[in-house]
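What follows is each chain in one-letter form.
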Amino acid sequence: MTPQLEIIITACIVSTACVIPGVFLILRRVALMSDAISHAILMGIVIMFFIVKDLHSPLLMIGAVATGILTVLLTEWIIQSKRLKEDAAIGLVFPVFFSIGVILISRYAGNIHLDQDAVLLGEIAFAPFNRFLFLGRDLGPVAMWSMGAILVMNLGLLLLFYKELKLATFDKALAATVGFSPVLLYYGLMTTVSITAVGAFDAVGSILVVALMITPPSTAYLLTDRLSRMIVLSVLIGIASAVSGYVMASLLDASIAGSIATMTGAAFLIALFFSPKQGLLTTYLRSKHQKTDFASKMLLVQLMVHEDQQEDFETTVTHMVHHMDWSIKFSKKIARYSVEKGYITRNQDQLFLTPLGREVARAAIVH
Amino acid sequence: MDYTIFMVMIGSSLVGCVSGALGSFAVLRKQSLLGDAISHAALPGIALAFLITMAKSPMIFMAGAMIAGWIGTMLVMAIVRHTVIKEDAALGMILSVFFGFGLVLLTLIQRLPTANKSGLTHYLFGSAATLLLEDVKAMCLMGVVTLAGLFLFWKEFKLFTFDKDYATALGFPVKRIELILTLLTVTAIVMGLQTVGVILMSAMIIAPAAAARQWTDRLWLMVVLSAVFGAVSGLSGALLSGFVAQLPTGPTIVLIMSAIVLISLLFAPNRGMIWEWFQRRQETKLLRQKLMEKHKS
Amino acid sequence: MTPPAVAVKDLTLAYRDTPVLWDIDITIPQGVLLAIVGPNGAGKTTLIKAILGLLKPAAGKVEILGKPYQQQIKKVGYVPQRGTVDWDFPTDALDVVLMGRYGHLGWFKRPGKKDYALALDALDRVGMADFASRQISQLSGGQQQRIFLARALVQDAQIYFMDEPFVGVDAATEKAIVTLLKELRKQGKTVIVVHHDLQTLKEYFDWALLLNVHQIAIGPVEEVITSDNLRKAYGGRSAFFVS
Ligand SMILES: Nc1ncnc2c1ncn2[C@@H]1O[C@H](COP(=O)(O)OP(=O)(O)O)[C@@H](O)[C@H]1O
Ligand SMILES: [Mg+2]
């Protein structure tokens, strides 16, 4: 395998491992816990590093996960105490751990390969330098294997607890009565987020972890509201962002992590405008049509009411302007639309309901 | 006194004071984390400002940061208003994607053959020691404008934060009020980026206000206290990091602030947890005494 | 000829594409005590918000005392639903009541002696004079409602809109509010109240508007509250209430 391919594969593995817990984070409206956890784990990594003095020890992961859980616990404790609101509580805890981590690094680890830049920004370009040797054979970069293991774990947990996660995400009360503990699932999810964030930190940095956990699932959410489809779409969008981000980075000779994050954003922007269900452009066009349609129905109701009262007083476009407080242009447009739809006929300035129009008006009233 | 330490002290206390004051409104509006998104979103603005002008002037950097922070804020609002995506995810996306884009630009700048590109990375983690008189002047100007705005629109901000619908019914243009308040918040955040960095700036917005809220039930007192907490943390953080070797300023300030928050959560009169526990114990004791007396008679 | 307090002409309003109010056409004369009644989700809050210009209608217009709302802002007092604000906000009762003066003050100006006097007087009128400096989260539901009423009173308006002022309040507060409503009417003010309880309707109000997306009836309470109308509004469930 060439180093380039190794980087791309690693990036895709990281991306897939991140989006799976990410889907549940955004559905449960706790997306920013990924930001909090991925910053806070710095402290756990640094403290464990001082104890074991080895940057590749699995104990680093234990320290980091412990800090992640501690962040969640402390945040929850502040929220429960009712002294502060949720947003403030989230924003208070992680800077403390991050600051402790940064201070420890700059005071005691000045000349070791553990600096804040690496944690935050990561450098996946270095991934191929760190080889995984097994029985004397070179099996590829360590990052690929460690993230691969985390991906397998995340996939396994997803398959195992799919039903429970779905229920606890969409209907907490029901989940509790059926016997799953939503609290347990929540902390399980947060543990998974912590493990994934630590695994990814020296490969891609915490910012890309946040980008991958939140952006592809949000993009998928614009395209579908079925959970299973959302997961599959998130994975695909994540992989597409990873590959295109790598291409962009090598073309520009720029940060790979930054480029992948940018690409997740680009994918989101495309969906934001063009998603068939939620896109800004599509809803704009649809709401314009709905407004016309709605106004046309109002006109029909008006005509029917006055038809019943045997007056022809209000059935001209001019009177519509007056009565509904519409502009002349808008009234004409609505009249034209209603004629096109076959709801009314026009005789000079007078408007008359057709049988179809009367039916539509009656349906609108019953609505 | 050392010139550098003096600059750092003035700069840090200024940042603490202004972000404390404006942060009160962010916390009360339940928009604390918007600060996190704004500060991260500022990074590409700084980088673009440099790429376009090729000049290293604090005013230009801050202008770039403000524009980018502003665009980020508007995007968060638009996403929340027009799609199913909730605020937390919108904030997280803007935060990480803008920051990632900023990194791309920073790496591009690193590759440029120009000499005066150093200093840009200071904005990532903050580097108070690099504050120059020129920077502090710019920060002073921004601080004065921000605090003056807060003073001028005090009544409107209070009404808007407490009851938006009522403000509208009274005839106040709430959209414009929200715009001004957000602009002032963006200014306060951008002002602190060089000193504490993109990542920790949100703590400067949240922590002093969170602490101040515990001590008082008056808005003006909360804002004043928050500004004081911010300034004191800034000042003492700057001093500590000035005299202890290898102690970065931003994280030190944040830790001091967080200590104040913890003390406030535990010991503040009325709202403090230990205070409450103590109060409850007193009450039980009194009650028990009364019961005993009744029993005797 | 005096203009009607409120004239709503062919008002239709929709959230996205679901109509919430259909073709509302009402005229409320000055000096009445009117209850807006209808089932949950009938659009009562929406109607008030549309009249106050907080929501933009798809069609139709609203006039207050013969002119658009924007020109009559100072003649209208508003009591929103209690649950719409964060009662943990750091402020006291007097300060909230003072907010009622902000519209008269306009931009930048701070409340002066006269405003404080008016606010204290309003607190007294709702029986909350002793609670002026009490933090608002330490007030009971009924007391919070009275603070909101006092805030509307200092607006010194001609027409008052109140959204569910009787919900979640104690009996004493309910009585105090009713007394206040009658007092306001005696002064010639028009009061429009979203109300829930059909049983107290006749006792508290003289006019009623029965609403359920469409307007079902408006007029003096006895004329509006017929079993026929109620069936139209509530779908048969409430024939029970009509004696
Ligand atoms: N902001 C909103 N967006 C969409 N629908 C809304 C909104 N507010 C209210 N509705 C809907 O409009 C209808 C009327 O609501 P509302 O006026 O609050 O009813 P009421 O006050 O009579 O209980 C309800 O069906 C409600 O679900
Ligand atoms: Mg309502």
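Residues numbered from 1 in each chain as written. Chains lettered and ligands numbered in written order. Predicted model: local features only at pLDDT ≥ 70, side-chain atom pairs only at ≥ 80, totals over all residues. Heavy atoms only, no water.

(A) Structural detail: the overall build of chain A. Broken down by element type, chain A carries 15 helices and four strands. Relative to the 2.2 N^0.38 estimate, which gives 21 Å for 367 residues, the radius of gyration of chain A is 29 Å and therefore markedly larger than a compact globule would have. When the 367 residues of chain A are sorted by exposure, 56% land in the buried category. Sequence-distant contacts, at least 24 apart, represent 67% of the contacts inside chain A between residues at least 6 apart. Side-chain charges of chain A comprise 27 positive and 25 negative groups, with the mean position of each set lying 3 Å from the other. (Helix = DSSP H or I, 4+ residues; strand = E, 2+ residues; numbered from the N terminus. Rg over C-alpha atoms; globule rule 2.2 N^0.38 Å. Buried < 20%, exposed > 50% of the residue type's maximum accessible area, 1.4 Å probe, protein only. Contact = heavy atoms within 4.5 Å. Lys, Arg positive; Asp, Glu negative; His and termini not counted. Charge placed at Lys NZ, Arg CZ, Asp CG, Glu CD.)

(B) Region of the structure containing the site of ligand 1. All names here are of chain C. Taken together, Tyr15, Val20, Pro39, Asn40, Gly41, Ala42, Gly43, Lys44, Thr45 and Thr46 make up all the residues around ligand 1. Between ligand 1 and Ala42 there is a distance of 3.2 Å, counted from an oxygen atom to a backbone nitrogen or oxygen. Contact distances for ligand 1 include 3.0 Å between an oxygen atom and a backbone N or O atom of Gly43. Burial of ligand 1 by the surrounding chains reaches 53%, relative to a free accessible area of 560 Å². The element best represented in the shell around ligand 1 is helix H1 (residues 44-51), accounting for three residues. Split into classes, the residues belonging to the shell around ligand 1 amount to four nonpolar, five polar and one charged. (Near = heavy atom within 4 Å. Polar contact = N/O pair within 3.5 Å; in protein donor to acceptor, adjacent residues only side chain to side chain. Areas by Shrake-Rupley, 256 points an atom, 1.4 Å probe, with all protein chains shown as cover. Nonpolar A, V, L, I, M, F, W, Y, C, P; charged D, E, K, R; others polar.)

(C) Structural context of the interface of chain C and chain B. The partner chain B presents 31 residues to the 36 residues of chain C that form the contact. Buried surface at the junction of chain C and chain B, both sides included, amounts to about 2,900 Å², of which 62% is carbon and sulfur. There are seven salt bridges connecting chain C and chain B. As a salt-bridge pair, Asp95 of chain C and Lys158 of chain B come within 2.7 Å of each other at their nearest N and O atoms. Counting across the interface, chain C meets chain B through 14 residue pairs in polar contact (both at pLDDT 80 or more). Split into classes, the residues belonging to the side of chain C that touches chain B amount to 19 nonpolar, eight polar and nine charged. (Buried area = accessible area lost by both parts, 1.4 Å probe. Salt bridge = Lys/Arg side-chain N within 4 Å of Asp/Glu carboxyl O.)

(D) Spatial organisation of the domain arrangement of chain A. Assigned domains of chain A: these are domain 1 (3-278) and domain 2 (283-366). Taking only C-alpha atoms, the centre of domain 1 of chain A and the centre of domain 2 of chain A are 55 Å apart. (Domains from an automatic or database assignment.)

(E) The arrangement of the nonpolar core in detail. Of all hydrophobic cores here, the largest spans 277 residues; its most connected members are Val6, Leu47, Phe161 and Phe205 of chain C. Broken down by element, this core gets its largest block of residues, 15 residues, from helix H1 (residues 3-27) of chain A. Once residues lying within four places of it in the same chain are set aside, the contact partners of Leu47 of chain C are Leu11, Leu21, Ile24, Ile26, Ile36, Leu209 and Leu211 of chain C. In this structure, Met298, Val301, Met324 and Ala364 of chain A belong to the second largest nonpolar core, which totals 24 residues. (Core = buried A, V, L, I, M, F, W, Y, C linked by side-chain atoms within 4.5 Å.)

(F) Main features of the pattern of salt bridges. By the definition in use, this model includes 23 salt bridges over all chains. As a salt-bridge pair, Arg218 of chain B and Asp92 of chain C come within 3.5 Å of each other at their nearest N and O atoms. Of the two residues, Arg218 of chain B is situated in the loop between helix H10 (201-215) and helix H11 (219-243) and Asp92 of chain C in the loop between strand S5 (76-79) and helix H2 (93-98); the pairing between them involves two chains. On the basis of relative accessibility, which here comes to 28%, the residue Arg218 of chain B falls in the partly exposed class. Beyond isolated ion pairs, a larger network of salt bridges with shared partners links Lys85 of chain A, Lys30, Arg213, Asp217 and Arg271 of chain B together with Asp86 and Asp88 of chain C.

(G) Just the state of the cysteines, in detail. This model, assessed by the stated rule, comprises zero disulfides over all chains. Between Cys12 of chain A, a free cysteine, and Cys18 of chain A, which holds the nearest cysteine sulfur, the sulfur-to-sulfur gap is 12 Å. Residue Cys12 of chain A is classed as buried on the basis of its relative accessible area of 14%. With no disulfide of its own, Cys140 of chain B has Cys17 of chain B as its nearest cysteine by sulfur position, at a separation of 11 Å. (Disulfide = S-S within 2.5 Å.)

(H) Highlighting a positive patch on the surface. A grouping of Lys288, Lys291, Lys329, Lys332, Lys333, Arg336 and Arg346 of chain A together with Lys56 of chain C is seen on the molecular surface, where their side chains present a positively charged patch. By residue number, the principal contributor to the positive patch is helix H14 (residues 328-340) of chain A, which donates four residues. With respect to the helices, strands and loops of the structure, Lys56 of chain C is situated in the loop between H1 and strand S4 (59-64). For Lys56 of chain C, a relative accessible area of 73% gives the class exposed. (Patch = residues over 30% accessible without salt bridge, like charges linked within 9 Å, V, L, I, M, F, W, Y side chains within 5 Å.)

(I) Region of interest: the packing of aromatic side chains. If you walk through the whole model with that rule in mind, you get 18 aromatic pairs over all chains. Each ring, one from Phe294 of chain A and one from Trp22 of chain C, has its centre 5.5 Å from the other, and the planes form 45°; the classification is tilted. With one member in each of two chains, Phe294 of chain A in helix H12 (residues 280-308) and Trp22 of chain C in strand S2 (residues 18-28) form a pair that bridges those chains. In terms of burial, Phe294 of chain A and Trp22 of chain C fall into one category: buried. Each ring, one from Phe153 of chain B and one from Phe157 of chain B, has its centre 5.8 Å from the other, and the planes form 35°; the classification is tilted. The same class applies to Phe153 of chain B as to Phe157 of chain B, namely buried. An aromatic cluster is built from Phe25, Phe153, Trp154, Phe157 and Phe172 of chain B together with Trp107 and Phe108 of chain C, whose rings are joined through pairwise contacts. (Phe/Tyr/Trp six-rings, centres within 6.5 Å; stacked < 30°, edge-to-face > 60°.)

(J) Up close: the pairing of strand S7 (residues 190-194) of chain C. All names here are of chain C. Within S7, five of the five residues are buried, which leaves it mostly tucked inside the rest of the structure. Every second residue of S7 is oriented toward a common face, with Thr190, Ile192 and Val194 on one face and Val191 and Val193 on the other, all of them buried. The pairing of strand S3 (residues 33-37) with S7 spans four bridges and is parallel. Within S7, the residue paired with Leu33 across the bridge is Val191. Taken together, the four bridges between strand S6 (residues 159-162) and S7 define a ladder with parallel strand orientation. Each residue of the ladder has a partner; that of Tyr160, found in S7, is Val191. For the crossover from S6 across helix H6 (residues 171-186) to S7, the handedness is right-handed. (Pairing = 2+ DSSP bridges. Right-handed = clockwise from strand over helix to strand, strands pointing away.)

(K) Up close: the interface of chain A and chain B. Every contact between the two is made by 57 residues of chain A and, on the other side, 55 residues of chain B. Taking both partners together, chain A and chain B bury about 4,700 Å²; carbon and sulfur atoms supply 74% of that area. The largest per-residue losses of area from chain A upon contact with chain B belong to Leu32, Arg83 and Asp87 of chain A, which jointly make up 15% of the total buried on that side. Applying the counting criterion to the chain A and chain B interface returns two salt bridges. Counting across the interface, chain A meets chain B through twelve residue pairs in polar contact (both at pLDDT 80 or more). Put simply, the parts of the chain that give the side of chain A that touches chain B at least two residues each are H1, helix H2 (32-52), helix H3 (58-80), helix H4 (86-108), helix H5 (116-121), helix H9 (206-223), helix H10 (227-252) and helix H11 (256-274) of chain A. The element that contributes the greatest number of residues to the side of chain A that touches chain B is H4 of chain A, accounting for 15 residues.

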